[in-house]
Amino acid sequence: MALPSSLTNRLRLPVVAAPMFLISGPEMVIAACKSGILGSFPALNHRTTEGFDQWCTGIEEALGDDPNAAPYGVNLIVHRSNPRLQADLEVCIKHKVPVIITSLGAVPELIEAVHSYGGLVFHDVTNRRHAAKAAAAGVDGLIAVCAGAGGHAGEVNPLALVAEIREFFDKTLLLSGCISSGSDVAAALQMGADLAYMGTRFINVKESQAPEEYQQMIIDCGTKDIVYSAAVSGVPANFMWPSLAEAGFTKEMLKETAEIDFGKELTPPKEGAKAWKTIWSAGQGCVAVKDVPTMAELTDRLSEEFRAAILRQQQLLQTYA
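Summarised in this report is the structure supplied together with it. The structure displayed is predicted, hence computed values, not measured ones. (Residues numbered from 1 in each chain as written. Predicted model: local features only at pLDDT ≥ 70, side-chain atom pairs only at ≥ 80, totals over all residues. Heavy atoms only, no water.)

Quick look at the overall build of the protein
Now for step 1: Looking only at helices and strands, the protein has 12 helices and 11 strands in total.
Now for step 2: The C-alpha radius of gyration computed for the protein amounts to 19 Å, which stays within 12% of the reference 20 Å derived for 321 residues, consistent with globular compactness.
Now for step 3: Taking all 321 residues of the protein together, 54% fall into the buried category.
Now for step 4: The contacts in the protein between residues at least 6 apart in sequence include a share of 66% that link residues at least 24 apart.
Now for step 5: Of the roughly 14,100 Å² that the protein leaves accessible, carbon and sulfur atoms contribute 52%. (Helix = DSSP H or I, 4+ residues; strand = E, 2+ residues; numbered from the N terminus. Rg over C-alpha atoms; globule rule 2.2 N^0.38 Å. Buried < 20%, exposed > 50% of the residue type's maximum accessible area, 1.4 Å probe, protein only. Contact = heavy atoms within 4.5 Å. Areas by Shrake-Rupley, 256 points an atom, 1.4 Å probe, with all protein chains shown as cover.)

Considerations on the pairing of strand β3 (residues 72–77)
Now for step 1: Of all the 6 residues making up β3, 6 are buried; the element is thus mostly covered by neighbouring parts of the structure.
Now for step 2: Looking at chain direction, strand β2 (residues 38–42) and β3 are connected through 4 bridges and run parallel. Within the sheet, the bridge partner assigned to G39 lies in β3 and is Y72.
Now for step 3: Each parallel crossover has a hand, and for β2 linked through helix α3 (residues 49–63) to β3 it is right-handed.
Now for step 4: Two strands pair when backbone bridges link them, and β3 and strand β4 (residues 99–103) are joined in this way by 5 bridges, in the parallel orientation. Pairing of N75 across the sheet is with I101, part of β4.
Now for step 5: Taking the sense of rotation as the criterion, the β-α-β connection linking β3, helix α4 (residues 85–95) and β4 turns out right-handed. (Pairing = 2+ DSSP bridges. Right-handed = clockwise from strand over helix to strand, strands pointing away.)

A short note on the packing of helix α2 (residues 26–35) against α3
What describes two packed helices is the angle between their axes and the distance between those same axes.
Now for step 1: Where α2 meets α3, the closest approach of the two axes is 10 Å, and the angle between their N-to-C directions is 30 degrees. Looking at the two axes, α2 sits roughly parallel to α3. When the axes of α2 and α3 are compared, the crossing they make is right-handed. Counting all contacts with α2, which are made through P26, V29, I30, C33 and K34, the residues of α3 involved are W55, G58, I59, A62 and L63. (Axes fitted to C-alpha atoms, helices over the stretch in contact; angles between N-to-C directions. Parallel < 35°, antiparallel > 145°, perpendicular 65-115°, else oblique. Left-handed = near helix turned anticlockwise from the far one by under 90°.)

Considering the sheet that holds strand β11 (residues 237–240)
Now for step 1: Spatially, β7-β11-β10 is the arrangement adopted by the 3 strands of the open sheet, whose pairing is antiparallel. Of all strands in the sheet, those bounded by a partner on one side alone are β7 (151–152) and β10 (226–229).
Now for step 2: Pairing of β7 with β11, which is carried by 2 bridges, proceeds in the antiparallel orientation. For H152, the partnering residue across the bridge sits in β11 and is A237.

Take a look at the structure:
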């Protein structure tokens, strides 16, 4: 176990509700933390830095001094096209956000700034090379985003990527990709991860900001409906084919690559389709998503499944000892 005590002492389950663009908001984060899992959201989910600041204040007031509440995290896009990075980082420092999740860049200066107030930095990676660079930069944890994950994802099998990262990294390791049940969480830990990083499953909770049509599409889709392409946002990601087809994409168009520009994400679409807004992302784990419970109900279910899976593992150990 490579988890710092600031997390192990406050988590009911070894789970992070991943920050999802336009999906994760204060209501979801608060519900997740009160249920005993680490809730997180992208800073860019509020259209202004001032509003992001207010969200952090609201989350902290809602969680208060509850000893049973898990900490929360904020996702920062560390890419030159994100015009808000420095301002949003200053808000995180002001609020001493417990966990910062960085994407598309592991910058030592940012990591040092978060460490200055005792925060943790987890960085998402899709391959060994990026994992090694982030580790050298001094991150506290790596998020292995594997094949089949929703949103920006990689193409490597989780068994292989976890094994590669564990060759040189002994700090906190999070695993992402098709984790939808408590038994999946147990499997992630069995593979060598410390935390399960779940996204698609949490799109379908009552506290999600996803529209009902989005949630229903997740229920209706299977693995054959998940398409991996860089044509939508410039970064390879998984999207649901029905939403791509509705937006006018063809299979040929999905072979192209768009320009990465997170500044555009701050501008609401005037007309037509837009990545994440009307072109909807999901991982292959959608096959196990069949309902839209509350966060508390889902966490209870995950907890029961997780403990049942651990018990099965113990029984198997006795059988094959």
